[in-house]
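Structural features, examined
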There are 4 protein chains.
Amino acid sequence: MIYFNSDYTAGAHPKVLERLLETNLEHTVGYGLDQYTAHAKALIRQEIGCAEAEVMFLVGGTQTNATAIDGILARHEGVLAAESGHIAVHESGAIEASGHKVLTLPHYDGKVRAEDVEHLITEFYADETYPHMVAPGMLYISQPTEYGTVYTLKELEAVSAVCHKHNIPLYIDGARMGYALAAEGADFTLRDIARVADVFYIGGTKLGTLFGEALVVTNRSLLKNLFPLVKQHGALLAKGRLLGVQFAAMFTDGLYYAIGRHAVEQALRIREAFRANGYEIVIESPTNQQFFRLPNEVIDRLRHEASFDYWGARGETHSIVRFVTSWSTTAEDVDILIELL
Amino acid sequence: MIYFNSDYTAGAHPKVLERLLETNLEHTVGYGLDQYTAHAKALIRQEIGCAEAEVMFLVGGTQTNATAIDGILARHEGVLAAESGHIAVHESGAIEASGHKVLTLPHYDGKVRAEDVEHLITEFYADETYPHMVAPGMLYISQPTEYGTVYTLKELEAVSAVCHKHNIPLYIDGARMGYALAAEGADFTLRDIARVADVFYIGGTKLGTLFGEALVVTNRSLLKNLFPLVKQHGALLAKGRLLGVQFAAMFTDGLYYAIGRHAVEQALRIREAFRANGYEIVIESPTNQQFFRLPNEVIDRLRHEASFDYWGARGETHSIVRFVTSWSTTAEDVDILIELL
Amino acid sequence: MIYFNSDYTAGAHPKVLERLLETNLEHTVGYGLDQYTAHAKALIRQEIGCAEAEVMFLVGGTQTNATAIDGILARHEGVLAAESGHIAVHESGAIEASGHKVLTLPHYDGKVRAEDVEHLITEFYADETYPHMVAPGMLYISQPTEYGTVYTLKELEAVSAVCHKHNIPLYIDGARMGYALAAEGADFTLRDIARVADVFYIGGTKLGTLFGEALVVTNRSLLKNLFPLVKQHGALLAKGRLLGVQFAAMFTDGLYYAIGRHAVEQALRIREAFRANGYEIVIESPTNQQFFRLPNEVIDRLRHEASFDYWGARGETHSIVRFVTSWSTTAEDVDILIELL
Amino acid sequence: MIYFNSDYTAGAHPKVLERLLETNLEHTVGYGLDQYTAHAKALIRQEIGCAEAEVMFLVGGTQTNATAIDGILARHEGVLAAESGHIAVHESGAIEASGHKVLTLPHYDGKVRAEDVEHLITEFYADETYPHMVAPGMLYISQPTEYGTVYTLKELEAVSAVCHKHNIPLYIDGARMGYALAAEGADFTLRDIARVADVFYIGGTKLGTLFGEALVVTNRSLLKNLFPLVKQHGALLAKGRLLGVQFAAMFTDGLYYAIGRHAVEQALRIREAFRANGYEIVIESPTNQQFFRLPNEVIDRLRHEASFDYWGARGETHSIVRFVTSWSTTAEDVDILIELL
C-alpha cells in the first residue's frame, strides 16, 4: 500500500528523530527554558531576519491558533477568517470556547481578498448599530490555505496593508508553511512572512516533526505574556526541549526547506500525471495537497493499492479525492501511483 | 553532574523510544483512531479491570485536568481541591479560564480529608444563600499528591464514599500514579483507583514517555463527548498514534510498574541517607519526591555536583530542597549523592 | 413630533407603572422569591397551559438568550440560528463569550426553514470529520423575527419536529411575542408555543414593562439549575419583585394581549397608508414593525414631524426605513402620520 | 411588622419614582444614549471632580463587577479580593465564568490591608514558578465592606499606593457607597474615591433606585470599549434612560447623600439601643448594616414583630443576626424596635 492521506500519517523525519535519540538521556530544565529551545529560537529569529521576535513552541495547531487569537483579541473583538478557514470549521469551536466569534469572509480557493477585508471593516463601522456587534479585531489567514493554494507576495502585502490601515493585526497560520515556501511559483520567503504578519506560526507537525508549532510574534506590542497564556491553554509541554531539539533540527542545514521542496515536487508529479490521464484538477494547487474529481470506479480501483482521502460526492458518478505528499512520500511511491492511473 | 530536579528532565525510557523508532515510518490515520492507540486502550482497560471504560490519550497534565473538569462540571459548579492542589496553584488559571472556580479544602501534606469534603458540602447547603454561591460539583485529588504523599486505600474509599453520598464525581490526577502504586506501604492497585474514581488519568510524561496522559472514564455517564471536547481544548494530537505506541510500551511486560518501583527504590535510598546524616525530612514521602530541610552551606556544597530544586528559605540558615528520581536515575547516581552527604 | 423608532422608546404601560407605584413601599424578600413573583409565575403557567413549567424572570433579552443558551448547550455544541438572528448579529458576541458558536442558517424574511435545519444536521453527521466541528446542539428562532414576520403554526410544528427528531431542543426568543400573537393571520397561541418549544421567553420590555423577560422552561430536563446560572450571568435582579409585579400586571385582564393587538392594529394602518400612497412595502410584516422603501426626499420631508429608523440606502434615490408601534402609539399619532404621506 | 432585612426589600425612593413617572411617556433613544443619561453622567462627573471620567450605567452589582473585572484583566491575570469579598463568595462564580481567578486575601472585618496586598504580590514574583500561576492583575475592595465596615482615607490611600506601585488598578465596589460616605467618622468624599481608585461604581439599588449602578472609569487607559463589553455581558438596558433618570434624581439636591445619612443615623440608633440593652455588637459597623449576637430566645421574641436576617448559630444558645436600614426605614420603625428590646 502507498499512502497519500495526509502529511501527518507517519512519524518524524529521520534527522529529527536522530536528534531526539542523541539527546534523550540528557537532563534539561523543563517548559522550554533549556538551551536546545534557546538555540532553536535563535535559528528561527535568524531565518526570519528579526532579532527581536518572540518565539514560543507549542504542541499542535488548534492549540496554537486558540492561544494566539485569545491573547491578541480584546473581549469585544472577533477574528476575521475565510469561511473555509481551519478556525472557522475544524477546530471544534476552540476559538468560541475562549470567548470569541469568528467573522467569516468569502473565500476564493481558500484565500481571502484584501478588498473583502476592507469591505467588511468599512461596512461594520458604517452600521450605526456596530457597538452591538462583534468588532473586527484581527485577520486570520493560512499560508498555504486549506485547499493548498498560496497567497502571492503581492496578495500578502495587500491583506497586510488593509489590516494595518485599520489597525488590526494580521495572523498567519503556517501549519504547512514549508510547502507554501516550496510551492510552484512561490515568490516570498519567511522574511516576507515576518514582515507582513504581526504574529504567525511555522508548523512542524505536518512538515516532519513528531509534533510542534513555532509561534512567532514580530509585533511585540501583542501577546506580551505568552508563557502563562500558553500554560493556561494547556499548551506548555513539560519536556519542552523536545520542541527545541526538533525545530533546531528542522532549521539546520535547510532541512525544513528540503522537506517542503521534496513533497511539493512529488505532489506536482502526481498532479501532472492525473492531468495527463485526463482527470479533472479541482483546484490548481501548487503545494503538497492535490484535489481531483475522479469517476467513482477509478477511485474504487485505486483504493486497492493506494490510500488517500475521500472528500465527498460530486455528481452521481464522480467524487472529489485528496492526495497529499510529505517527507515520507518516496519518488517510488509516486511512480507506483502514476503507474496505476 | 547528577540530576534530581524532577521526573521530566530527561527524554523517554529507552523501551518507549525504541517502539517510536520501530513504528516511525508506518502510516496510520491520525487523531488516535489507529490500531496502536486501540491496543493501548485495550491494555489499560485490562489493567484496570474495566472493559467498558473510555480511555483517551492527551498530551499533558494541565490540559487533561482542564479538559476533564470542564467536561464534567455544569456551568454553576466548581471543583473541590486541596489548597495545595496543582489545579489550585500551578495551572495558570486553566480551570477558571474554562469558567469554573476551584473551591479549596485544607490539606494535610497535600491530602484532603473525607470529613473536610463532607463538611464543605454540608455547610454549603446549610447556608441559605447557597444558590448565590458556586456549588461543589466534583472532587479533585491527586495520587500521589504534590508533596509525594499517598492516600491509603481506606482514605481513597472514604473520599469516594463522601463524593458518591453527595452525588458528585471523584476525579483523580495521576500524573505520577506509577510512583504511588510503587510507594512504600502502598495498599492499592489501578483496579482500586478505577473502582473508587469516576474519572482519572494515568500519567505518562513523568513516568517515562516523551509526553502523554491516559484519561480514563469509568463512570460513562460523564464526559460523553470526549473527542470534540479534547479537540476544543487543543489537546488532540494529530499524530495520535505516538500516544498509543508509548502507552502500549508502558503497559507491556509491566514497564510502567517497573519504572515506578525503580524510582521509588532510589528515592527511599536518598531519604534514608539524608536521615542517617541527621538531616530533617520535611515530609515523610513514600514516593519519588523527597523534601529535606538542609543548612544553606550544605545546599551550596551539594550544588557543585548535584542538581536539585530549591523550594525556599526556612529560617535564616536553612532551606527546603526537593530531590526527585525517575526511570533515568541510576543507582550509581544515588551512590554518588550518598557519598556527597 | 410623533415617534415610531422602536417599541422601547417610552417607559411602561400606565397599568404596569400603577402597580409598581402601589407596591413601592412594601417590603419583600429579594431575588424573585417573593409572592408577587410567585403570582406572576402562576399566571404564566396558567396562560401556557403547563403547570409544571419553570418560569424565571430576567431583566433583558440579550441576557436571557445568553443565559438560556449557555445553560442548554454542552461544551462542544453550538446553537443554530438564522444568519439574521439577534444572537448571530446584535448581541456583541454574548453567545461566543460564554463559549459557544452560532451556526447560521439561511433566512427567508428572518425565518428559518425546517428543511434547512434538517439539511444542516444531516450534512453535519454525514461529514466524517464532524467530531472536529461544532455539533448542532439546539435551534434558536424568534417569533416574530427581526423583520417582523411570523411563523405559522405549521411552520413552528415543522421546525419543532425536525429538532425533536434529531434530539435537540427548540428555543424561541419571544422578545416581541405579544405582537406575533396579535399578528394579522396569526394561527397560534401561547399554549402552542409552550407545546412546540422546549424553552422560550415572553418579552416584557418591548411590550410595555419598564424591563423584564419571562423565561419559560417546559422541558424540565433542561436548565435544571436556573437560579445560580441566572445569578452567574449577572441577570438576577436584587429587587426581583419588580419583575413579578410587572408581569402579573401584564397577565391580568389580558393586558399583554391588548397591548399587542393595539400596536399591530396601528402598524397595519401605517402599512396600508404607505401602500395606498404607492410606496414599496419591503417585507410583508403582519406585526408592529413595518419596513418601507421610500424616496429620500420623502424621508427628509417626513423627518420634520415624525421620528423613525433609517435602515440604509437602497439604490441612489431610495432608502429603507422602519416604523414601529407599541402601547404608547396612539391612533392620533398614526392619523397625523397618514396625513403626512 | 417592621423590616430590617436588607436595603433592597422596598422599591424606590419616592423622589426617584416621581421622576420615572414624570418622564414615563416621553420617547427617547435606547441604550443610554439619551439626554437624561447624559445629564446623570454630567452630574456624577461634577460630583467626583473628574470631567474626563467615563460613566456607564448598568443594572446590577454582580453584573457590574463581572463586566468591569473582565474588561480590566488580561487573560492570565486574576483579581485580588478579601476572602469575604462579594466576588469571592456571593456571585455564583461570575468572575470565574468570564475566565478569571479570584485570588483571596485575609480580611479584617471585611477589609484588606495594604501590607497583605504588598506581601501577596511580592511573594508571587519571588516564587520562581510564578509564570505557572495566576498573576495579580487588579485589586477589588468594597466600600463599605460586606460587614458594614469602612476604609479610612488613609487606608484607601495605602491600598491605592501599593496597587500603583505594582502597576495594577484599584477597583472599588460601591454597592453601598452612600452609607460609607455617611458613616460615623467617615473622612473621605466621592472625590477621594475617584482619586484613589482607577475604576469604581456608585450603587443605586441599595441606596434607593429601583435598580442601577453607575460604573465610573477615571483611569481612561482601562475599559476603553465599555459599550460593547457591557452589551456582551447582557448588562445593557434597552430603556437605558431609566437609569439616567434615576441617577439624575439621586444626584440632584443631594438626595443620594441624604438617603445615606438617614439610614446610617437610624442604624446607629439601633446599634446603641442593642448595646444599651447589654447585647453583643459583633462588628463595630459605622454604616447601615449592624450585626449582633443575641440569645436565641430574644431572636424568637423579636421575630414576632420585626423582620431581620439570621446569619447562623454562634454557640448553642446564641446566634448572629443582621439589621439593615435604608431610605425606607422610618424613625418610627426604629422607635418600635427599640421599644421591643
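Residues numbered from 1 in each chain as written. Chains lettered and ligands numbered in written order. Predicted model: local features only at pLDDT ≥ 70, side-chain atom pairs only at ≥ 80, totals over all residues.

A few points about unusual backbone geometry
Of note, the amide linkage connecting A:Gln143 to A:Pro144 takes the cis form, showing an omega dihedral of -5 degrees. You will see that C:Asp253, though not glycine, has its phi angle at about 55 degrees, which is positive. Locating C:Asp253 in the fold gives a position in the loop between α11 (241-250) and α12 (255-276). Residue C:Asp253 is classed as exposed on the basis of its C-beta count, with 10 C-beta atoms lying within 10 Å. One non-glycine residue with positive phi stands out, namely D:Asp109, at about 50 degrees. Relative to the elements of secondary structure, D:Asp109 occurs in the loop between β4 (102-105) and α6 (114-126). (Helix = DSSP H or I, 4+ residues; strand = E, 2+ residues; numbered from the N terminus. Buried ≥ 20, exposed ≤ 12 C-beta atoms within 10 Å, placed from the backbone.)

Some details on the interface of chain A and chain B
Contacts between the two partners involve 41 residues from chain A, matched on the other side by 41 residues from chain B. Within the side of chain A that touches chain B, the residues separate by chemical class into 19 nonpolar, 18 polar and 4 charged. (Contact = placed C-beta atoms within 7 Å. Nonpolar A, V, L, I, M, F, W, Y, C, P; charged D, E, K, R; others polar.)

A look at the relation of the copies chain B and chain C
Each copy of the sequence occupies a distinct position, and chain B is placed on chain C by a rotation of 180 degrees and an axial shift of 0.0 Å, giving an RMSD of 0.0 Å. This pairing of chains is accounted for by a two-fold axis. Taken as a fraction of all interface residues of chain B, those also at the interface in chain C reach 100%, which identifies the copy contact as same-surface. (Least-squares fit on C-alpha atoms with pLDDT ≥ 70 in both.)

Considering the interface of chain B and chain C
In this assembly, 14 residues from chain B lie in contact with 14 residues from chain C. Elements with a minimum of two residues in the side of chain B that touches chain C: α3 (61-72) and α10 (226-232) of chain B. In terms of residue count, α10(B) provides more of the side of chain B that touches chain C than any other element does, 5 residues in total. Here the residues of the side of chain B that touches chain C are counted per class, giving 6 nonpolar, 5 polar and 3 charged.

What to know about the domain arrangement of chain A
Residues and elements named next belong to chain A. When cut into domains, chain A gives domain 1 (2-7 + 255-340) and domain 2 (14-250). On the side of domain 2, 21 residues touch domain 1, which itself brings 19 residues to the contact. Put simply, the parts of the chain that give the side of domain 1 that touches domain 2 at least two residues each are α12 (255-276) and β10 (289-295). Classifying every residue of the side of domain 1 that touches domain 2 gives 11 nonpolar, 6 polar and 2 charged. (Domains from an automatic or database assignment.)

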